[in-house]
Amino acid sequence: MEKIQELFINGEWVKPSSEEYLTKYNPSTGEIYGKFAAASRDDADRIIDAAYDAQKKWEKLTSVERSKYLYKLIDLIRQDRESLEELLMDEVGKPKREAVQEVDGVLDQLQFYAEFARKINGDVVEGTKSERIIYQYKVPYGVVLAITPWNFPAAMVARKIGPALITGNTVVVKPSSDTPFTAGWIVEKARQAGFPPGTINLITGKGSVVGDYLTSHKKVSVITLTGESKTGQQVMKSSSSIMAKLILELGGKAPFIVWKDADLELAAKVLMWAKYWNAGQSCIAAERLYIHEDVYDKFLNLFLEKTKTLKIGDPRNSDMGPLINNQAVNKVSGFVENAISQGAKVIYGGGKPELSDRLSKGFFYMPTIITDVKQNMEIFREEIFGPVIGAMKVSDDFNEVIELANDSDYGLASYLFTKDLSLAMKASREIKFGELYINMPGPEASQGYHTGFRLSGQAGENSKYGIEEYVKVKNIYIDYSKDPTKDEVIPPYT
Ligand code: NAD
């Protein structure tokens, strides 16, 4: 039976006032997966009002009290995790192993935020005169609008609702129209966990109707968006009238440097993950391969041989699934064609794979390796977001490779493979990226701060720094002396 998902407002699943629904397709088969509500602006008002009203009570709880709801949510997700894994396989086309990893990530993050409840502390500082004191309280902002992408649709919801709720904000989750059901699954678990009505809400629908409306709504105080850099720019513009606090986790174009002394087998294994994880649809995916000239042929060959063994197809029985939709396939193949027209060479892949009839309408693209890439080609400048990688040979000048890596509009993740400690430390100092993985794969940890330089965003998520993004510091000045009028700034009037 076809699935239908409504809006979740003030603790209840309700039909959209427009009575309109949008269609979600299964990316592996191209068949209809289900329909989900298309909210109207009236619905957007209702949902934000619900979150706004609920926040007044929610912030009065202590963070330890709030954490009890999060622990309950964690229990419920753990008990039913297989159904979330199934959903990730159907809605995104993730291979089983990756679906399992994503659910592990959801639980790990929620656990991290719940455990942080006892660590959200302010400061008490001295005043400028004796018998004066300043309390610096960390207080919630109010309503958080959490706009999530489709590529890690469960982990991104967890990463936003965890810190928002534990710090006393309420949340309106706005998932991508490519993954409304995963967000709905988590919100339903939150309902079962007994979160008070209005603390967590779900809105789905057309960006043209509710996009700007939500991001310029006066009752929204924080917008946390994970998405493309151009979406971040649009949200910056549309939210300027409300001066919302922005947490923007945007696109990436990770350099992957293989130096001459690298453990090539390790580097090739990590690259298999860094490139083909989620079919290359990851913000920390390796997108620019810089290989030292001495090991160029050997490394590329190693990576090519490994790539040939990748099994593509049905998420329940493959190493790599489909792209999210047909536009993604067209976009990725456009990048490949353009690279060829600019003089690069495809040494593997470069088109759709041959698959069984059942998958013939799916949105698959071959793992693709491109050589003879130059720094200024589009394939090295724009985010590909697919299983395609370009490679460039670099000389023995480490300064130059750092410059090449830094020469990008994006600055999220980067990778370096070398056994030379002094080069590793030099890269740590000079690389201008939020993350550098040295001789290891990602992804980012709950206790690490996930943040991007340049067009990869501003503010960040995870770790104590990520939690701090959801609180404001309020200052209370107190004079507790017997003569509080002693201050010379008070005029001597009677
Ligand atoms: P997207 O920008 O198309 O959409 C992201 C979300 O924003 C969706 O919910 C979408 O409906 C919404 N949206 C789009 N335009 C909007 C507008 N004008 N106003 C309000 N909401 C709007 O991105 P996507 O295709 O879903 O995700 C892929 C992108 O996300 C890639 O660029 C990837 O690198 C990035 N990403 C970044 C991180 C990170 O941590 N930095 C993590 C995952 C994905």
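What counts, and where the lines are drawn
Residues numbered from 1 in each chain as written. Predicted model: local features only at pLDDT ≥ 70, side-chain atom pairs only at ≥ 80, totals over all residues. Heavy atoms only, no water. Core = buried A, V, L, I, M, F, W, Y, C linked by side-chain atoms within 4.5 Å. Buried < 20%, exposed > 50% of the residue type's maximum accessible area, 1.4 Å probe, protein only. Contact = heavy atoms within 4.5 Å. Helix = DSSP H or I, 4+ residues; strand = E, 2+ residues; numbered from the N terminus. Polar contact = N/O pair within 3.5 Å; in protein donor to acceptor, adjacent residues only side chain to side chain. Pairing = 2+ DSSP bridges. Axes fitted to C-alpha atoms, helices over the stretch in contact; angles between N-to-C directions.

Asker: How should I be thinking about the nonpolar core in this particular structure?
Answerer: Most often, soluble globular proteins keep nonpolar side chains buried together rather than apart. Grouped together as the largest cluster of nonpolar side chains are 130 residues, with contacts concentrated most on Ile161, Phe256, Leu289, Phe299, Ile379 and Tyr415. Excluding anything up to four places from it in sequence, Ile379 contacts Lys253, Glu287, Phe335, Ala339, Ile370, Val373, Ile384 and Val388. Listed in part, the 26 residues of the second largest apolar core include Val14, Val220, Ile242 and Ala244.

Asker: Where do I start with the environment of Thr182 in this structure?
Answerer: The topology assignment puts Thr182 in helix H6 (residues 180-192). With 25 residues separating them along the chain, Thr182 and Val157 place their C-alpha atoms 9.0 Å apart. Ignoring sequence-local partners within four residues, the contact set of Thr182 consists of Leu84, Leu87, Leu88, Glu91, Pro153 and Ala154. Of the polar contacts made by the side chain of Thr182, one reaches the side chain of Glu91; its length is 2.4 Å.

Asker: Would you mind going over the sheet that holds strand S6 (residues 123-126) with me for this structure?
Answerer: Whether parallel or antiparallel, the strands of a sheet pair through hydrogen bonds between backbone atoms. The three strands lie next to each other as S6-S7-S25, forming an open sheet whose pairing is antiparallel. Edge positions in the sheet fall to S6 and strand S25 (471-479), since each of these pairs with one other strand and no more. On average, adjacent strands in this sheet sit at an angle of 25 degrees to one another, irrespective of strand direction. As judged from the nine bridges shared by strand S7 (residues 132-140) and S25, these two strands associate in the antiparallel manner. Bridged to Ile133 within S25 is Ile478.

Asker: Got a minute to help me understand the sheet that holds strand S17 (residues 388-394) in this structure?
Answerer: Pairing in this open sheet of seven strands is mixed, and the strands run S15-S16-S17-S14-S13-S19-S20 from one edge to the other. Strand pairing shows two members of the sheet lacking a second neighbour, strand S15 (345-348) and strand S20 (435-438), which therefore form its edges. Going from strand to strand, the sheet's axes swing by 25 degrees on average, the running direction of each strand aside. Where strand S19 (residues 413-417) meets S20, four bridges bridge the pair, whose relative direction is parallel. When the sheet's bridge partners are listed, Ala413 is paired in S20 with Glu435.

So far we have only geometry, and geometry alone does not tell us how the molecule works.
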